[in-house]
Amino acid sequence: QVQLVESGGGLVQAGGSLRLSCAASGRTFSRYAMGWFRQAPGKEREFVAFIRLGGRNAYYADYADSVKERFSISRDNAKNTVYLQMNSLKPEDTAVYYCAADPLGSASNYRASYDYWGQGTQVTVSS
């Protein structure tokens, strides 16, 4: 039902920045919980960040400890798009980054809470 298309990945030197984009289909995007995950070769897919409506009907975001104060998730509901701004990149950030959506709006930091996934975009950070 929901299609997600990531873009913005590429090759960057350590200390540099990238902004990933995820364009989503759907007529109720503002209600979706949206997440970013990443997967390095031979590793489990791990949580990076999410953004969803919180208890007071305001958007709430959270991050993995490994990316706090370096990455920032945001959304533009008029464009049905979620972003991941990645600053101060490290070689250990190298992975395929995946966008995920939960149209019911309750998903958080675990994979099974999301119903839809994009195809992924490669981020490579050189030392």
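Cut-offs applied
Residue indices follow the written sequence of each chain, beginning from 1 at its first position. Side-chain atom pairs in this predicted model are given and counted only at pLDDT of 80 or more, local residue features only at pLDDT of at least 70, and totals for whole chains, interfaces and linings cover all residues. Side-chain metrics rest on all non-hydrogen atoms present in the structure, leaving aside hydrogens and water. To define a nonpolar core, start from buried Ala, Val, Leu, Ile, Met, Phe, Trp, Tyr and Cys residues and group those joined through side-chain atoms within 4.5 Å. Burial status follows relative accessibility: with a 1.4 Å probe on protein chains alone, a residue under 20% of its type maximum counts as buried, one over 50% as exposed, and anything between as partly exposed. We count a stretch as a helix when DSSP gives it H or I for four or more residues in a row; a strand needs E for two or more, and each element gets its number in order from the N terminus. Any pair of N or O atoms that falls within 3.5 Å is considered a polar contact. Within protein, one atom must be able to donate a hydrogen and the other to accept it, and sequence-neighbouring residues count only if both atoms are side-chain atoms. Residue contacts follow a heavy-atom distance rule, with two residues in contact if any of their heavy atoms lie within 4.5 Å. Just to be clear on terms, a salt bridge is a Lys or Arg side-chain nitrogen sitting within 4 Å of an Asp or Glu carboxyl oxygen. Here a strand pair is declared whenever DSSP counts at least two bridges between the two strands. To get an axis, a line is fitted to the C-alpha atoms, and for a helix only the part in contact is used. The angle between two axes follows their N-to-C directions and goes from 0 to 180 degrees.

S.K.: Please provide a residue-by-residue account of the nonpolar core, values included.
M.R.: Ranked by size, the top nonpolar core spans 36 residues in total, and within it M34, W36, L84 and Y97 carry the most contacts. Breaking this core down by element, the ones donating at least two residues are β3 (18-24), β4 (33-39), β5 (46-53), β7 (71-76), β8 (81-86), β9 (95-102) and β11 (121-126).

S.K.: Any chance you could break down the side chain of N80 for me, citing the residues and the numbers?
M.R.: Note that N80 resides in the loop between β7 and β8. Residue classification places N80 among the buried residues on the basis of a relative accessible area of 16%. A distance of 2.9 Å separates the side chain of N80 from the backbone oxygen of G26, its partner in a polar contact. When neighbours within four sequence positions are excluded, N80 is seen to be in contact with C22, A23, A24, S25, G26 and F29.

S.K.: Please set out the pattern of salt bridges residue by residue, giving values where relevant.
M.R.: As enumerated under the stated definition, the model contains five salt bridges in all. For E46, the salt bridge goes to R38, with nearest N and O atoms at 2.7 Å. Using a relative accessible area of 37% as the deciding quantity, one classes E46 as partly exposed. Its salt-bridge partner being R70, residue D93 comes within 2.8 Å of it at the nearest N-O pair. Separated by 23 residues along the polypeptide, D93 in the loop between β8 and β9 and R70 in the loop between β6 (59-63) and β7 bring together distant segments of the chain.

S.K.: Which residues make up the pairing of β8, and what are the values?
M.R.: A large share of β8 lies buried, amounting to five of its six residues. When β3 meets β8, the two strands line up antiparallel, connected through six bridges. Counted as the bridge partner of L18 is M86 from β8. Relative to β8, β7 runs antiparallel, the two being bridged by six bridges.

S.K.: Residues and numbers for the sheet that holds β8, please.
M.R.: Judged by pairing direction, the sheet is antiparallel, and its four strands sit side by side in the order β1-β3-β8-β7 without closing on themselves. At either end of the open sheet lies a strand with only one pairing partner, and these are β1 (4-7) and β7. Ignoring strand direction, the axes of neighbouring strands in this sheet form an average angle of 15 degrees.

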